[in-house]
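Chain and residue survey
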Amino acid sequence: SVIAMRPFDSKFIRQELGILHNELALVSVDGNSMEPLLRSRDTTMLDRRAQDVQTEGIHAIRLDGALMLKILQRLPGRILRASSANTEYAPFDIDLADEAQRDFCVLGRVRWGGVTFY
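None of the values given here were measured: they were computed from a predicted structure. (Residues numbered from 1 in each chain as written. Predicted model: local features only at pLDDT ≥ 70, side-chain atom pairs only at ≥ 80, totals over all residues. Heavy atoms only, no water.)

**Some remarks on the sheet that holds strand β7 (residues 104-114)**
In sheet architecture, strand pairing relies on hydrogen bonds along the backbone and comes in two forms, parallel and antiparallel. Read across the open sheet, the 7 strands follow the order β1-β2-β7-β3-β4-β5-β6; overall the sheet is antiparallel. The sheet is open, and its two borders are formed by β1 (24-28) and β6 (92-95), each paired with just one other strand. Averaged over all neighbouring strand pairs, the angle between strand axes comes to 45°, with direction disregarded. Direction of pairing for β1 relative to strand β2 (residues 43-47): antiparallel, over a ladder of 5 bridges. Each bridged residue has a counterpart across the sheet, and for Ala25 the counterpart in β2 is Leu46. (Pairing = 2+ DSSP bridges. Helix = DSSP H or I, 4+ residues; strand = E, 2+ residues; numbered from the N terminus. Axes fitted to C-alpha atoms, helices over the stretch in contact; angles between N-to-C directions.)

Here it is, written out as structure tokens:
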């Protein structure tokens, strides 16, 4: 459901990023696991088409009921490695073979991030 709307230049969205308006979502960052790249209260733009991890990058995921932004890396054997930009957080692996047995979903890939100044 739509909670709020923010204006963006449609040329930037459609031509630069190649995303249609109904294929994106804005997500606020909560927490410090992605610092220094993203800080709490920053805004990210997700490409919701990217629900199958083809390339390494920052993705929004749902894991066991928690929503997270993580750097995902595809490893051999249907394994995804989820890492944080903040080195205080240890990386963890997600076995996609177990996907049906747990609450896991890639929600999209971060294509843009906006900084919030305090």
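**Regarding the nonpolar core**
Listed in full, the 10 residues of the largest apolar core are Val53, Ile61, Leu63, Leu72, Leu80, Ala82, Ile94, Leu96, Phe104 and Val106. The set of elements that each furnish at least two residues to this core consists of β3 (57-63), β5 (79-83) and β7. With residues up to four places along the chain from it excluded, the contact list for Leu96 reads Arg74, Arg78, Leu80 and Phe104. Residues Val29, Leu46, Ala60 and Val110 belong to the second largest nonpolar core, which totals 8 residues. (Core = buried A, V, L, I, M, F, W, Y, C linked by side-chain atoms within 4.5 Å. Buried < 20%, exposed > 50% of the residue type's maximum accessible area, 1.4 Å probe, protein only. Contact = heavy atoms within 4.5 Å.)

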